[in-house]
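# Working through the structure, step by step
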Amino acid sequence: MDFLYMPNADNMNEFLFKMSQMPEKWFYKSTRLYRDSLILYKNYQRTIDFFIKELDKLNFFKNPDSRRLKELIYDILVEHPRRYLPDFCSYYLLSAFCLENLIKGYIVMHNIDFIGESRLNKKLKEHNLYKLCSNYTDIKLSEDEQILLQKLSDYSIAYGRYPVSATVNKNIPFYLQPNYDVNYTNLCIKCIENPYVSDHKIYLHIYKKINLCIKKYYTEQKQLENSKKTFSDELKFAYSETN
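Residues numbered from 1 in each chain as written. Predicted model: local features only at pLDDT ≥ 70, side-chain atom pairs only at ≥ 80, totals over all residues. Heavy atoms only, no water.

### Observations regarding the nonpolar core
Core analysis: the largest hydrophobic core is formed by 40 residues, its most contacted members being L99 and I210. A total of 12 residues in this core trace back to one element, the largest contributor, which is helix α4 (residues 88-110). In this structure L99 touches L129, L149, L152, Y203, I206 and Y207, once residues within four positions along its chain are discounted. Core analysis: the next-biggest nonpolar cluster, separate from the first, contains nine residues, L69, L72, I76 and I192 among them. (Core = buried A, V, L, I, M, F, W, Y, C linked by side-chain atoms within 4.5 Å. Buried < 20%, exposed > 50% of the residue type's maximum accessible area, 1.4 Å probe, protein only. Helix = DSSP H or I, 4+ residues; strand = E, 2+ residues; numbered from the N terminus. Contact = heavy atoms within 4.5 Å.)

See the structure below:
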(Lines give C-alpha, C1' and ligand atoms only; values in the text may rest on other atoms or scores of the structure.)
Protein backbone atom coordinates (compact mmCIF):
# COMPACT_ATOMS: atom_id res chain seq x y z
CA MET A 1 0.00 0.00 0.00
CA ASP A 2 1.24 3.47 -0.85
CA PHE A 3 1.91 5.20 2.49
CA LEU A 4 1.33 8.57 0.82
CA TYR A 5 -2.38 7.72 0.85
CA MET A 6 -2.48 6.43 4.42
CA PRO A 7 -4.37 8.65 6.89
CA ASN A 8 -2.35 10.64 9.36
CA ALA A 9 -1.94 9.51 12.97
CA ASP A 10 -4.89 11.58 14.20
CA ASN A 11 -7.28 9.89 11.81
CA MET A 12 -5.84 6.36 11.95
CA ASN A 13 -8.30 5.04 14.54
CA GLU A 14 -11.27 6.41 12.60
CA PHE A 15 -9.87 4.95 9.38
CA LEU A 16 -9.44 1.48 10.93
CA PHE A 17 -12.87 1.70 12.59
CA LYS A 18 -14.55 2.39 9.25
CA MET A 19 -12.53 -0.27 7.42
CA SER A 20 -13.56 -2.84 10.03
CA GLN A 21 -17.20 -2.24 9.13
CA MET A 22 -16.78 -3.15 5.47
CA PRO A 23 -19.00 -6.07 4.33
CA GLU A 24 -16.02 -8.39 3.87
CA LYS A 25 -15.08 -8.00 7.54
CA TRP A 26 -18.58 -9.06 8.65
CA PHE A 27 -18.48 -12.02 6.23
CA TYR A 28 -15.05 -13.16 7.44
CA LYS A 29 -16.18 -13.04 11.08
CA SER A 30 -19.30 -14.99 10.15
CA THR A 31 -17.22 -17.66 8.40
CA ARG A 32 -15.08 -18.21 11.50
CA LEU A 33 -18.13 -18.44 13.77
CA TYR A 34 -19.76 -20.84 11.32
CA ARG A 35 -16.69 -23.07 11.41
CA ASP A 36 -16.64 -23.10 15.23
CA SER A 37 -20.38 -23.77 15.50
CA LEU A 38 -19.94 -26.85 13.30
CA ILE A 39 -17.04 -28.07 15.42
CA LEU A 40 -19.20 -27.80 18.55
CA TYR A 41 -22.16 -29.51 16.89
CA LYS A 42 -20.07 -32.44 15.65
CA ASN A 43 -18.43 -32.88 19.06
CA TYR A 44 -21.81 -32.85 20.77
CA GLN A 45 -23.17 -35.36 18.28
CA ARG A 46 -20.25 -37.70 18.97
CA THR A 47 -20.97 -37.36 22.70
CA ILE A 48 -24.63 -38.22 22.18
CA ASP A 49 -23.65 -41.24 20.09
CA PHE A 50 -21.34 -42.36 22.89
CA PHE A 51 -24.09 -42.18 25.54
CA ILE A 52 -26.56 -44.01 23.30
CA LYS A 53 -24.02 -46.78 22.79
CA GLU A 54 -23.33 -47.09 26.52
CA LEU A 55 -27.03 -47.06 27.42
CA ASP A 56 -27.67 -49.73 24.83
CA LYS A 57 -25.03 -51.92 26.50
CA LEU A 58 -27.01 -51.53 29.73
CA ASN A 59 -30.23 -52.57 27.95
CA PHE A 60 -31.88 -49.26 28.76
CA PHE A 61 -33.82 -49.06 25.49
CA LYS A 62 -35.53 -52.40 26.04
CA ASN A 63 -37.38 -50.95 29.01
CA PRO A 64 -36.84 -47.16 29.06
CA ASP A 65 -37.59 -45.29 32.25
CA SER A 66 -36.83 -41.64 32.97
CA ARG A 67 -35.89 -42.25 36.61
CA ARG A 68 -33.49 -45.05 35.69
CA LEU A 69 -32.00 -42.95 32.92
CA LYS A 70 -30.64 -40.35 35.34
CA GLU A 71 -28.92 -43.03 37.42
CA LEU A 72 -27.40 -44.71 34.37
CA ILE A 73 -26.03 -41.47 32.94
CA TYR A 74 -24.49 -40.65 36.31
CA ASP A 75 -22.82 -44.11 36.39
CA ILE A 76 -21.50 -43.62 32.84
CA LEU A 77 -20.02 -40.22 33.76
CA VAL A 78 -18.34 -41.72 36.82
CA GLU A 79 -16.87 -44.52 34.74
CA HIS A 80 -15.76 -42.10 32.02
CA PRO A 81 -14.66 -38.92 33.85
CA ARG A 82 -13.42 -37.27 30.66
CA ARG A 83 -16.89 -37.42 29.14
CA TYR A 84 -19.48 -34.69 29.64
CA LEU A 85 -23.09 -33.97 28.81
CA PRO A 86 -23.39 -31.76 25.72
CA ASP A 87 -24.61 -28.19 26.19
CA PHE A 88 -26.23 -27.06 22.96
CA CYS A 89 -26.70 -23.52 24.30
CA SER A 90 -23.12 -22.76 23.26
CA TYR A 91 -23.80 -24.13 19.78
CA TYR A 92 -26.92 -21.98 19.43
CA LEU A 93 -25.02 -18.93 20.66
CA LEU A 94 -22.29 -19.31 18.03
CA SER A 95 -24.91 -20.02 15.36
CA ALA A 96 -26.72 -16.81 16.30
CA PHE A 97 -23.51 -14.76 16.18
CA CYS A 98 -22.60 -16.33 12.83
CA LEU A 99 -25.89 -15.38 11.19
CA GLU A 100 -25.90 -11.96 12.85
CA ASN A 101 -22.53 -11.11 11.27
CA LEU A 102 -23.61 -12.56 7.93
CA ILE A 103 -26.87 -10.59 7.85
CA LYS A 104 -25.21 -7.35 8.96
CA GLY A 105 -22.55 -7.75 6.28
CA TYR A 106 -25.33 -8.23 3.74
CA ILE A 107 -27.05 -5.08 5.03
CA VAL A 108 -23.86 -2.99 4.81
CA MET A 109 -23.18 -4.40 1.35
CA HIS A 110 -26.45 -2.85 0.16
CA ASN A 111 -26.24 0.24 2.41
CA ILE A 112 -22.66 1.46 2.53
CA ASP A 113 -23.85 4.63 4.25
CA PHE A 114 -24.59 2.49 7.33
CA ILE A 115 -20.85 2.56 8.07
CA GLY A 116 -20.39 4.82 11.09
CA GLU A 117 -17.76 7.52 11.42
CA SER A 118 -16.98 7.15 15.13
CA ARG A 119 -19.59 4.68 16.41
CA LEU A 120 -21.54 1.73 15.11
CA ASN A 121 -24.75 2.62 13.31
CA LYS A 122 -27.80 2.16 15.55
CA LYS A 123 -29.38 -0.17 12.98
CA LEU A 124 -26.37 -2.50 13.27
CA LYS A 125 -26.77 -2.76 17.04
CA GLU A 126 -29.97 -4.77 16.61
CA HIS A 127 -29.59 -8.39 17.74
CA ASN A 128 -32.97 -9.74 16.67
CA LEU A 129 -32.09 -11.70 13.54
CA TYR A 130 -35.62 -11.81 12.19
CA LYS A 131 -36.01 -8.02 12.55
CA LEU A 132 -32.65 -7.45 10.83
CA CYS A 133 -33.75 -9.60 7.88
CA SER A 134 -37.28 -8.26 7.57
CA ASN A 135 -36.45 -4.57 8.13
CA TYR A 136 -33.23 -4.15 6.17
CA THR A 137 -32.95 -6.95 3.57
CA ASP A 138 -34.88 -8.54 0.73
CA ILE A 139 -34.08 -12.07 1.95
CA LYS A 140 -37.15 -14.31 1.78
CA LEU A 141 -37.60 -16.56 4.81
CA SER A 142 -39.82 -19.59 5.26
CA GLU A 143 -41.90 -19.96 8.41
CA ASP A 144 -39.42 -22.48 9.86
CA GLU A 145 -36.55 -20.11 9.13
CA GLN A 146 -38.35 -17.23 10.82
CA ILE A 147 -38.98 -19.37 13.91
CA LEU A 148 -35.33 -20.44 14.11
CA LEU A 149 -34.06 -16.86 13.72
CA GLN A 150 -36.27 -15.79 16.61
CA LYS A 151 -35.06 -18.75 18.66
CA LEU A 152 -31.41 -17.94 17.92
CA SER A 153 -32.07 -14.30 18.84
CA ASP A 154 -33.34 -15.43 22.25
CA TYR A 155 -30.18 -17.49 22.75
CA SER A 156 -28.01 -14.58 21.64
CA ILE A 157 -29.67 -12.11 24.00
CA ALA A 158 -30.24 -14.35 27.02
CA TYR A 159 -30.24 -18.17 27.12
CA GLY A 160 -26.89 -18.62 25.38
CA ARG A 161 -24.97 -16.29 27.68
CA TYR A 162 -27.05 -16.16 30.90
CA PRO A 163 -28.72 -18.84 33.05
CA VAL A 164 -32.06 -17.00 32.72
CA SER A 165 -34.01 -15.06 30.10
CA ALA A 166 -34.60 -11.32 30.18
CA THR A 167 -38.21 -11.49 31.43
CA VAL A 168 -40.14 -13.82 33.71
CA ASN A 169 -42.92 -14.57 31.24
CA LYS A 170 -40.39 -16.08 28.83
CA ASN A 171 -38.82 -18.22 31.51
CA ILE A 172 -41.68 -20.68 32.13
CA PRO A 173 -40.50 -24.25 31.34
CA PHE A 174 -42.68 -25.82 28.66
CA TYR A 175 -43.67 -28.64 31.02
CA LEU A 176 -45.17 -26.13 33.49
CA GLN A 177 -47.25 -24.35 30.89
CA PRO A 178 -51.06 -24.83 31.06
CA ASN A 179 -52.55 -27.90 29.36
CA TYR A 180 -49.15 -29.49 28.76
CA ASP A 181 -49.37 -33.27 29.16
CA VAL A 182 -45.80 -34.52 29.46
CA ASN A 183 -44.55 -38.08 29.18
CA TYR A 184 -41.20 -37.86 30.93
CA THR A 185 -39.94 -41.17 29.60
CA ASN A 186 -40.61 -40.17 25.99
CA LEU A 187 -39.14 -36.76 26.71
CA CYS A 188 -35.91 -38.28 28.02
CA ILE A 189 -35.66 -40.63 25.06
CA LYS A 190 -36.02 -37.65 22.75
CA CYS A 191 -33.26 -35.79 24.61
CA ILE A 192 -30.92 -38.77 24.44
CA GLU A 193 -31.25 -38.65 20.71
CA ASN A 194 -30.36 -35.37 19.03
CA PRO A 195 -33.43 -33.08 19.21
CA TYR A 196 -31.48 -30.32 17.48
CA VAL A 197 -31.08 -32.00 14.09
CA SER A 198 -33.95 -30.11 12.43
CA ASP A 199 -32.70 -26.74 13.76
CA HIS A 200 -29.21 -27.56 12.51
CA LYS A 201 -30.49 -28.29 9.00
CA ILE A 202 -32.43 -25.00 8.91
CA TYR A 203 -29.36 -23.12 10.20
CA LEU A 204 -27.22 -24.58 7.41
CA HIS A 205 -29.88 -23.71 4.85
CA ILE A 206 -30.14 -20.08 6.00
CA TYR A 207 -26.35 -19.72 5.95
CA LYS A 208 -26.17 -21.13 2.43
CA LYS A 209 -29.14 -19.04 1.24
CA ILE A 210 -27.64 -15.73 2.38
CA ASN A 211 -24.22 -16.61 0.96
CA LEU A 212 -25.83 -17.35 -2.40
CA CYS A 213 -27.52 -13.93 -2.28
CA ILE A 214 -24.14 -12.33 -1.53
CA LYS A 215 -22.48 -14.21 -4.40
CA LYS A 216 -25.27 -13.18 -6.76
CA TYR A 217 -24.91 -9.53 -5.74
CA TYR A 218 -21.15 -9.48 -6.31
CA THR A 219 -21.56 -11.26 -9.65
CA GLU A 220 -24.10 -8.67 -10.79
CA GLN A 221 -21.85 -5.83 -9.62
CA LYS A 222 -18.90 -7.29 -11.50
CA GLN A 223 -20.97 -7.65 -14.65
CA LEU A 224 -22.16 -4.07 -14.25
CA GLU A 225 -18.59 -2.81 -13.87
CA ASN A 226 -17.48 -4.81 -16.91
CA SER A 227 -20.36 -3.43 -18.99
CA LYS A 228 -19.47 0.12 -17.94
CA LYS A 229 -15.84 -0.49 -18.83
CA THR A 230 -16.80 -1.91 -22.24
CA PHE A 231 -19.09 1.05 -22.91
CA SER A 232 -16.33 3.45 -21.90
CA ASP A 233 -13.86 1.75 -24.27
CA GLU A 234 -16.40 2.01 -27.10
CA LEU A 235 -16.78 5.75 -26.46
CA LYS A 236 -13.01 6.23 -26.55
CA PHE A 237 -12.80 4.31 -29.84
CA ALA A 238 -15.62 6.34 -31.36
CA TYR A 239 -13.99 9.57 -30.23
CA SER A 240 -10.66 8.60 -31.76
CA GLU A 241 -12.35 7.69 -35.05
CA THR A 242 -13.99 11.12 -35.31
CA ASN A 243 -10.74 12.95 -34.63
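Following the structure, the description resumes.
### Here we look at the packing of α4 against helix α5 (residues 129-136)
One can describe the packing of α4 onto α5 by two numbers: an axis separation of 10 Å at closest approach and a directional angle of 15 degrees. Compared by their axis directions, α4 and α5 come out roughly parallel. Relative to α5, the crossing made by α4 is left-handed. Taking contact as the criterion, the partners of A96, L99, E100, I103, K104 and I107 in α4 are, on α5, L129, L132, C133 and Y136. Here the residues of the contact of α4 with α5 are counted per class, giving eight nonpolar, no polar and two charged. (Axes fitted to C-alpha atoms, helices over the stretch in contact; angles between N-to-C directions. Parallel < 35°, antiparallel > 145°, perpendicular 65-115°, else oblique. Left-handed = near helix turned anticlockwise from the far one by under 90°. Nonpolar A, V, L, I, M, F, W, Y, C, P; charged D, E, K, R; others polar.)

### Quick look at a positive patch on the surface
Residues R119, K122, K123 and K125 make up a contiguous surface patch of positive charge. Relative to the assigned elements, K123 resides in the loop between α4 and α5. (Patch = residues over 30% accessible without salt bridge, like charges linked within 9 Å, V, L, I, M, F, W, Y side chains within 5 Å. Areas by Shrake-Rupley, 256 points an atom, 1.4 Å probe, with all protein chains shown as cover. Salt bridge = Lys/Arg side-chain N within 4 Å of Asp/Glu carboxyl O. Lys, Arg positive; Asp, Glu negative; His and termini not counted. Charge placed at Lys NZ, Arg CZ, Asp CG, Glu CD.)

### Remarks on the confidence of the model for the protein chain
Mean pLDDT for the protein chain: 82, with 79% of residues reaching 70 or above. Confidence drops under pLDDT 50 across residues 1-5; counting only partners more than four residues distant or on other chains, this segment forms one contact. Confidence drops under a pLDDT of 50 for residues 234-243, and excluding neighbours within four residues, the segment shows zero contacts in the predicted structure. (pLDDT = per-residue confidence, 0-100.)

### What to know about helix α2 (residues 23-57)
The end-to-end C-alpha separation of α2 is 51 Å, in line with the 51 Å expected for 35 residues at 1.5 Å each. Just downstream of α2 lies N59, where phi reads positive at about 60 degrees. (Expected span 1.5 Å × (residues − 1).)

### Looking at the pattern of salt bridges
Applying the stated criterion to the full structure yields seven salt bridges. Between E117 and K18 there is a salt bridge, with its nearest N and O atoms 3.5 Å apart. Taken together, the residues span a long stretch of sequence, with E117 in the loop between α4 and α5 and K18 in helix α1 (residues 12-19) at a distance of 99 residues. When the shortest N-O distance is used, the salt bridge between D65 and R67 registers 3.6 Å.

### Overview of unusual backbone geometry
A positive phi is found at N59, a non-glycine position, where the angle reads about 60 degrees. As for its position among the elements, N59 is in the loop between α2 and α3 (66-79). Note on N59: relative accessible area 40%, which makes it partly exposed.

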